[in-house]
Amino acid sequence: MIDIERAASSDLLQLLTPAGDLVGEPDQVAFPVSEIAAMYRDMVLVRRFDTEAIALQRQGEMGLWTSLRGQEAAQIGAGHALRPHDMVFPSYREHGVAWCRGMDPLALIELWRGSGAGGWDPHAYNFAPYVIVIGAQTLHAAGYAMGLQRDGVVGTGVDERDTAVVAFFGDGAMSQGDVSEAFVWAGAQNLPVVFFCQNNQWAISAPVTVQSRVPLARRAAGFGFPGVRVDGNDVLACRAVTEAALQHARSGQGPVLVEALTYRMNPHTTSDDATRYRAGEELADWAARDPIARVHTYLERTGELEPAFFASVEEDAEKLAVRLRSEVRALTDVSMNTVFDNVYEDAPAELRAQRDELAGFLASLD
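Residues numbered from 1 in each chain as written. Predicted model: local features only at pLDDT ≥ 70, side-chain atom pairs only at ≥ 80, totals over all residues. Heavy atoms only, no water.

A. Layout of the overall build of the protein. Per the secondary structure count, the protein includes 13 helices and seven strands. In terms of C-alpha radius of gyration, the protein reaches 21 Å, essentially the compact-globule figure of 21 Å for 366 residues. Considered along the principal axes of its C-alpha atoms, the protein spans approximately 70 × 50 × 40 Å. Expressed as a percentage of the 366 residues in the protein, the buried residues total 50%. In the protein, of all internal contacts separated by at least 6 residues, the share reaching a separation of at least 24 is 75%. Taking the average location of the 30 positive side-chain charges in the protein and that of its 50 negative ones, the two points are 3 Å from each other. (Helix = DSSP H or I, 4+ residues; strand = E, 2+ residues; numbered from the N terminus. Rg over C-alpha atoms; globule rule 2.2 N^0.38 Å. Buried < 20%, exposed > 50% of the residue type's maximum accessible area, 1.4 Å probe, protein only. Contact = heavy atoms within 4.5 Å. Lys, Arg positive; Asp, Glu negative; His and termini not counted. Charge placed at Lys NZ, Arg CZ, Asp CG, Glu CD.)

This is the structure:
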């Protein structure tokens, strides 16, 4: 297993190069081919889901979509490192982590389409609802981790009992006060939380270079815990580092900051025009570091998988896309009146009056 303190002193941890070559120490890359193949399959399916979601948004089936293209390795690697009883607090782009937690992609599309109640049962997946407020989920994660600590499920030495929390966020969130507050509290209280920053280089149109003069992982030292910088396009490195960070936290050694150096290949959202602030040469450079291509190359070189495996993955990806197209178009529209539902068991008179006023206004438009 990766040694967190040692990894914190390195510039960038990488186990699988863009050319598909394994690097690093033998014990760090000792993943069975079957596990690497499983992560490859998840990355391919999640990318296909993401591509289909963009197409559905362009066809008017959703108001907005947040693409994860380019960040599959960071999310699938981290997702595979989680134990079932660990808790995840995502931002709004963690579709790959949601997939690893067993969520149906349709639930994510419902959220952006406005066809549901706007969330899901977090305890069903140990995956909290998406958070739009930048960085707020880090405080939620710190609070949850504080609860775990007081419940006595940290540092017991029992794998089935010891629990950790992961908070996912982007590089832009590192400039938010909420994140610094979460770091302060987690460090001071020695909380079992892993802060996983997907540094995708752009906070909408603001490059990370205008937000920090040093690698983001180095900020952790100021709060009293380790920070590790990892190749975020390397699924093996992300898996190994997240496993080590989670074990560090679960065993009572406190928080860890993981900075996964990756790239957002698509615009910030489907309402963004990234050509206004990003150069084509930059995209080409990162495309050469594609997270899926390097795993495909490595698996082919091992000779342990038949060509039928890769064909079956592509077939499963297409089946997923076909299912999503059908099920999304079958979703019913939700009335605006539903914003008043599931708020109070017994709604106050003032709220009932507002609901009735809205209903009357909507009826007048027919």
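B. Examining the pairing of strand 3 (residues 193-199) more closely. Burial runs high along strand 3: seven of the seven residues are buried. Note that strand 2 (residues 165-170) and strand 3 share six bridges and pair parallel. By the bridge assignment, V165 is partnered in strand 3 with V193. A crossover links strand 2 with its parallel partner strand 3, the connecting element being helix 8 (residues 177-189), and its sense is right-handed. (Pairing = 2+ DSSP bridges. Right-handed = clockwise from strand over helix to strand, strands pointing away.)

C. Spatial organisation of helix 9 (residues 235-250). Compared with the 22 Å implied by 1.5 Å per residue over 16 residues, the 22 Å span of helix 9 between its first and last C-alpha is a close match. Within helix 9, 14 of the 16 residues are buried, which leaves the element mostly enclosed by the surrounding structure. A side-chain oxygen of the first residue of helix 9 lies 3.0 Å from the backbone nitrogen of L236; this N-cap is D234. Directly after helix 9, the chain includes G252, whose backbone phi takes a positive value near 90 degrees. (Expected span 1.5 Å × (residues − 1). Polar contact = N/O pair within 3.5 Å; in protein donor to acceptor, adjacent residues only side chain to side chain.)

D. Here's a closer look at the sheet that holds strand 1 (residues 87-89). A sheet is described by the order of its strands in space; here five strands give the open sequence 1-2-3-7-6, paired in parallel fashion. In this open sheet, the two strands that pair with only one neighbour each are strand 1 and strand 6 (227-231). Averaged over neighbouring strand pairs, the angle between their axes works out to 20 degrees when direction is ignored. Pairing of strand 6 with strand 7 (residues 256-261) involves five bridges; the strand directions are parallel. Bridged to D231 within strand 7 is L261. The sheet strands contacting helix 9 are strand 2, strand 3, strand 6 and strand 7, and the helix crosses strand 6 at an angle near 160 degrees. (Axes fitted to C-alpha atoms, helices over the stretch in contact; angles between N-to-C directions.)

E. Summary view of the pattern of salt bridges. Counted under the stated rule, the structure contains 21 salt bridges. One salt bridge in this structure joins E72 and R47, with 2.8 Å as the shortest N-O distance. Here R47 lies in helix 2 (residues 33-58) and E72 lies in helix 3 (residues 72-81), a separation of 25 residues in the sequence. R47 sits in the buried class, given a relative accessible area of 12%. A single network of salt bridges, built from pairs that share partners, joins R48, E52, E318 and R325. (Salt bridge = Lys/Arg side-chain N within 4 Å of Asp/Glu carboxyl O.)

F. The arrangement of the nonpolar core in detail. Y40, W65 and L299 are the most contacted members of the largest nonpolar core, which has 75 residues in total. When residues of this core are assigned to their parent elements, the largest contribution, 13 residues, is made by helix 2. Not counting residues within four places of it along the chain, the set of residues in contact with L299 comprises V33, I36, A37, Y40, L305, F309 and F310. Counting residues in each nonpolar core, the second largest holds 27 residues, with M87, A173, A220 and L257 among its members. (Core = buried A, V, L, I, M, F, W, Y, C linked by side-chain atoms within 4.5 Å.)

G. Main features of the side chain of T138. Mapped onto the fold, T138 is located in helix 7 (residues 136-151). Classification of T138 by relative accessible area gives buried; the value is 0%. In this structure the side chain of T138 is engaged in a polar contact, spanning 2.6 Å, whose partner is the backbone oxygen of G135. If sequence neighbours within four positions are ignored, T138 has contacts with A167, F169, D178, V179, A182 and F195.

H. Seen up close, the packing of aromatic side chains. By the definition in use, this model includes 16 aromatic pairs. Here the aromatic rings of F49 and W65 are separated by 5.6 Å at their centres, their planes lie at 70 degrees, and the arrangement is edge-to-face. One end of the pair, F49, is in helix 2; the other, W65, is in the loop between helix 2 and helix 3, and 16 residues separate them in sequence. An angle of 75 degrees between the planes, with centres 5.2 Å apart, marks the rings of F309 and F310 as edge-to-face. With respect to class, F309 is no different from F310; both count as buried. Every member of this aromatic cluster is reached through a ring pair, and the members are F183, F195, F223 and F225. Of note, R289 hangs over the ring of W286, and the distance from its end group to the ring centre comes to 3.9 Å. (Phe/Tyr/Trp six-rings, centres within 6.5 Å; stacked < 30°, edge-to-face > 60°. Lys NZ or Arg CZ within 6 Å of the ring centre and 35° of its normal.)

I. Broad picture of the pairing of strand 2. With five of its six residues buried, strand 2 lies for the most part within the structure. Summarising the sheet, strand 1 and strand 2 pair through three bridges and their orientation is parallel. Looking at strand 2, one finds that V88 is bridged to V166.

Everything listed here is a matter of coordinates, which is why it stays silent on function.
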